[in-house]
Amino acid sequence: MHHPVPRPQPLPSSAAPRPELAHLLTPSLAAVASGARRRALRDGDRQIDTAHLLHALVESDPEAGAAFEGGHQLARVLGYLVQRSIGYGLRWQRSDEESATRSLLPAARATEPLGPRTSPWSPAAAAALEGAFRRAADRGETQARGLDLLAALAADPESRAVEVLRRAGVDPAVLGARADALPAAPDEVPSQQV
């Protein structure tokens, strides 16, 4: 007898981890968040996790790709991410990703539901995006960019993104430092609030 596999609940259409934080994303980082959401839907995952974010980021953001030590390192990372999306990551499917760095921004903490988690973002993915916002704010900028997100993804030692990086032979600490050191591309410099 064949038993049907339970289908995951559809993810909400919002690309930002919380709608009130959407204005903090540059257009290219908003595209990364949307790409991660589409990848999670296509993979049948319950939540958008840090590996989805890393995959969308390295595929669509040339600045993030420049933080890797050459094309060979980036190709290995993409290889692991593709393997995950074609089935080798099934042990992650239908499980939630937690975070070692679960310290939310005050505005985000205030909007968290008191009951069961309803966010389409894993706690680690939400923490990485919020870490990217924090990095931008520390520079005095109003919007996060891809390099901010890459550095934040590399900073959580228990995230799925860091697991992929390590398996591909990438030192997350070195990658995070390289992401922090790279300047923004001229068309990716966020506007300053007046």
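As a starting point, this report considers the structure included with it.

Overview of the environment of Ala 124
Among the secondary structure elements, Ala 124 is positioned in helix α6 (residues 123-138). On the accessibility criterion, Ala 124 (2% relative accessible area) is buried.

Describing the packing of α6 against helix α7 (residues 146-155)
The relative placement of two packed helices comes down to the angle between their axes together with the axis-to-axis distance. Their axes nearest at 8 Å, the elements α6 and α7 cross at an angle of 125°. By the criterion of interaxial angle, the relationship of α6 to α7 is oblique. Two packed elements cross with a definite hand, and for α6 against α7 that hand is right-handed. Along the contact surface, α6 presents Ala 128, Leu 129, Gly 131, Ala 132, Arg 135 and Ala 136, while α7 presents Asp 148, Leu 149, Ala 151, Ala 152, Leu 153 and Ala 155. When grouped by side-chain class, the residues that make up the contact of α6 with α7 number 9 nonpolar, 1 polar and 2 charged.

Some details on helix α9 (residues 172-181)
An α-helical turn contains 3.6 residues, so a residue and the one three or four places further along point in the same direction. For α9, the full list of buried residues reads Pro 172, Leu 175, Gly 176 and Ala 179. Down the axis of α9, the buried set is contained in an arc of 100°. They therefore lie on one face. Within α9, the exposed residues directed more than 90 degrees away from the buried face are Ala 173 and Ala 181. On its buried face, α9 sits against α7 and α8 (160-167). The distance from a side-chain oxygen at the start of α9 to the backbone nitrogen of Ala 173 is 2.9 Å, and the residue carrying that oxygen is Asp 171.

Describing the pattern of salt bridges
Evaluated as defined, the whole model comprises 7 salt bridges. One salt bridge connects Glu 59 with Arg 39, and the closest N-O pair in it is separated by 2.9 Å. Here Glu 59, found in helix α2 (residues 50-60), pairs with Arg 39, found in helix α1 (residues 27-43); they are 20 residues apart in sequence, far enough to count as distant. Through salt bridges with shared partners, a single network forms among Arg 139, Glu 141 and Asp 148.

What counts and what doesn't
- Residues numbered from 1 in each chain as written.
- Predicted model: local features only at pLDDT ≥ 70, side-chain atom pairs only at ≥ 80, totals over all residues.
- Heavy atoms only, no water.
- Helix = DSSP H or I, 4+ residues; strand = E, 2+ residues; numbered from the N terminus.
- Buried < 20%, exposed > 50% of the residue type's maximum accessible area, 1.4 Å probe, protein only.
- Axes fitted to C-alpha atoms, helices over the stretch in contact; angles between N-to-C directions.
- Parallel < 35°, antiparallel > 145°, perpendicular 65-115°, else oblique.
- Left-handed = near helix turned anticlockwise from the far one by under 90°.
- Contact = heavy atoms within 4.5 Å.
- Nonpolar A, V, L, I, M, F, W, Y, C, P; charged D, E, K, R; others polar.
- Arc of directions from axis to C-beta.
- Polar contact = N/O pair within 3.5 Å; in protein donor to acceptor, adjacent residues only side chain to side chain.
- Salt bridge = Lys/Arg side-chain N within 4 Å of Asp/Glu carboxyl O.

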